[in-house]
Each structure stands twice: as C-alpha cells, then as structure tokens.
Amino acid sequence: MTTATLTRYEIDVEDVEYLRHGNEPLLARIYQPRGTGPFPIVIDLHGGAWCNKDRTSDAGTDEPLAKSGVVVVSLDFRMPPVAGYPASMVDINFAIRWCKTRATELHGRPDRVGILGVSSGGHQAMLTALRPNDPRYAALPLPGKAVDATVRCAILCWPVIDPLGRYQYARTMQSGAHKKQADNWLRCHDQYWQGGEAAMTEGNPTLALERGEKVQMPPVLYLQGTADVAHPLPNRERFIANYRKAGGRVELHLFEGMGEAFITNDPTSPAARSAIDKIIEFVHREIPA
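Notes on the structure follow.

Cut-offs applied
Residues numbered from 1 in each chain as written. Predicted model: local features only at pLDDT ≥ 70, side-chain atom pairs only at ≥ 80, totals over all residues. Heavy atoms only, no water. Helix = DSSP H or I, 4+ residues; strand = E, 2+ residues; numbered from the N terminus. Rg over C-alpha atoms; globule rule 2.2 N^0.38 Å. Buried < 20%, exposed > 50% of the residue type's maximum accessible area, 1.4 Å probe, protein only. Contact = heavy atoms within 4.5 Å. Pairing = 2+ DSSP bridges. Axes fitted to C-alpha atoms, helices over the stretch in contact; angles between N-to-C directions. Phe/Tyr/Trp six-rings, centres within 6.5 Å; stacked < 30°, edge-to-face > 60°. Parallel < 35°, antiparallel > 145°, perpendicular 65-115°, else oblique. Left-handed = near helix turned anticlockwise from the far one by under 90°. Nonpolar A, V, L, I, M, F, W, Y, C, P; charged D, E, K, R; others polar. Lys, Arg positive; Asp, Glu negative; His and termini not counted. Salt bridge = Lys/Arg side-chain N within 4 Å of Asp/Glu carboxyl O. Polar contact = N/O pair within 3.5 Å; in protein donor to acceptor, adjacent residues only side chain to side chain.

Observations concerning the overall build of the chain
Each helix and strand in the chain was counted, giving eleven helices and eight strands. Its C-alpha atoms give the chain a radius of gyration of 18 Å, near enough to 19 Å, the size a compact globule of 289 residues would have. Evaluated residue by residue, the chain yields a buried proportion of 55% over its 289 residues. At a minimum sequence separation of 6, the contacts of the chain that also span at least 24 residues come to 77%.

Okay, structure coming up:
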C-alpha cells in the first residue's frame, strides 16, 4: 500500500479561527477531502521546540494524509513569548473538543478523532492523549454539546517524549559538535518550561507513566530516524518500555540513516514517503470510517 494507491480524494484547504485570546486569533488549517465521508479526523501539532513554526509546517504530511480520506486540522497554538506551558495544552485540548462539535460539518464523526505531533508537537500530542480530561488543559469552556478531548490514537514523529531527559541531554552537548543546536534547545526549553525542571518533570509523558498516573492509553505510532541527534534513543526506549508495561500498544518504525525532521525537510524522499504511508495505514486502521 502506497500513498499513490491511497490518493482517492481531491482536497480543499482553508484557514479557520478556532479560538481567540483577547484580540489574538488562533487559526487551524483544515485539509478537507471532497466527499460525504464520514472521514477520520486527525489534529496535527507542529514542532519547533515549543517556540517556533506554525500550522503550515507539516503540509508535506498533511496533504497526502488528507488525500487518502482524512480530515486534517493543523493548529496554531500559543507559544513563547506569548505564553509557556501549559497554555499550548489548553489550546490543543480546546481544539479537539471544537473539532468534535463540528464533526458533522467536517464530514467526520466525533468519536473518530486522532492526534499527530512532530518533535515538540509529539510531546504535546502524547501528553494530550494521556490526559484528555486534565482540568488545567480543559479549562476553557466550549458552548454547545458536551464533549471531551479523548483521542482514538496518537502518531508521534520523533517526539520530545521526555522533556527533562532532553534538557539534561542538551546540556551534555554544549561542548561538542552540536553546541549551536544544543544551545537553541536549551533556550527554547527555558522559554516554554517557565517552571524549570519541576515543570518538565510534571508535564512529561514518560515520567507520568513511571509515576503510575491514571491515564488514557490509545494506540501509538512512533516514527524516528536512526541518525536523529535531537531526540535521544534512551528517551524513546524508556517511554516505549513504560507504555507497553502499562498495557499500551506502540508500533515503532525506524528509518535507517535519517536524521530529525526527515519528513518535514523533504516529504518527497523515499524515507519520507514510506513514513507517510505508515501514517496513512495506521490512521485508517485505528480510526475506521
């Protein structure tokens, strides 16, 4: 099965305001297949170390996913310097509920929603999936029918799955060949995690599992390149071991010789096309129409 064989739909792309803080609107880019559906809905969270990029960053993944028959809703959310953790989690939680209340007009169903995240967005996606009813994240009321932010599955593309672990790892990199990258990671960590290492510990999918938190555990697709220096292998292995130990299901796919952001950087490369195929297969399997 390839993206070519799964390209069944023409799509329309539209930016819609889903939330406003004061005078500042937050936009969602909606990739809408043409057809009556019902289509699965996937919320996409961009990366950028919690501080950079926007809803347009994952177009190379979002477009083929939408053409396979999935409504993709790619979000802007609050970032530093506007706000740090947990403001983005509040926006994301609201957006999931917003999509569920509009599922019919999106030609989807409110019980057929998944989440996808890239790098820091992968962290936010997994934390959202684990804690859909956290009162801090669900703090913004949504008029209309009561819905929650539970998701059917989570797709993680090279996630910062252990923010504290990555922060400590970046410190060790400051004197080596990746000093410039490490300095940037640390700066972004400090801007987003304004509560410091205590906040990185609390808002941490891996450590939440180790603490024995009562969490939701949807199926997870985990994608990463073997040459990724930004997202340490021990962090990945620790999370997957904890998730499986707690009874969750993780499907891991590694891409030989690929660094971080290999889909984002060149979505037409063979590795990226293979990864996108796996995302498409996973979504249609876990969120059947």
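So, the sheet that holds strand S8 (residues 250-255)
Taken in spatial order, the eight strands make up an open sheet running S1-S2-S4-S3-S5-S6-S7-S8, and their pairing is mixed. For this open sheet the edge positions go to strand S1 (11-21) and S8, each flanked by a neighbour on one side alone. Each adjacent strand pair in this sheet contributes to an overall mean axis angle of 20°, direction not counted. Relative to strand S7 (residues 220-225), strand S6 (residues 154-157) runs parallel, the two sharing four bridges.

Notes on the packing of aromatic side chains
In this structure the tally under the stated criterion is 13 aromatic pairs. Relative to Tyr192, the ring of Trp50 lies with its centre 5.3 Å away and its plane at 10°, an arrangement referred to as stacked. Of this pair, Trp50 sits in the loop between strand S3 (39-45) and helix H2 (59-67) while Tyr192 sits in helix H6 (residues 179-192), and the two are 142 residues apart along the sequence. With respect to burial, Trp50 and Tyr192 carry one shared label: buried. Relative to Phe262, the ring of Phe255 has its centre 5.1 Å away and its plane inclined at 40°; by these criteria the two rings are tilted. Accessibility expressed as a relative area gives 8% for Phe255, which makes it buried. Counting every residue linked through ring pairs, the aromatic cluster contains Trp50, Tyr85, Tyr137, Tyr192 and Trp193.

Some details on the packing of H2 against helix H11 (residues 270-286)
Taken N-terminus to C-terminus, the directions of H2 and H11 make an angle of 45°; their axes are 10 Å apart at the nearest point. It follows from the interaxial angle that H2 and H11 lie oblique. Along this stretch, H2 crosses H11, giving a crossing that reads as right-handed. Contacts from Gly60, Thr61, Pro64 and Leu65 in H2 reach Ile276, Ile279, Ile280 and Val283 in H11. In the contact of H2 with H11, the residues fall into six nonpolar, two polar and no charged.

Remarks on the side chain of Asp228
Its place among the elements puts Asp228 in the loop between S7 and helix H9 (233-245). It turns out Asp228 is buried and unbridged, and the closest side chain with the opposite charge, Arg166, is 7.0 Å from it. For Asp228, the side chain forms a polar contact with the main-chain nitrogen of Ala230, separated by 2.8 Å. A distance of 2.9 Å separates a polar atom in the side chain of Asp228 from a polar atom in the side chain of His231. Apart from the residues lying within four places of it in its own chain, the contact partners of Asp228 are Trp158, Met258, Gly259 and Glu260.

All quantities given are derived from atomic positions and should not be read as evidence of function.
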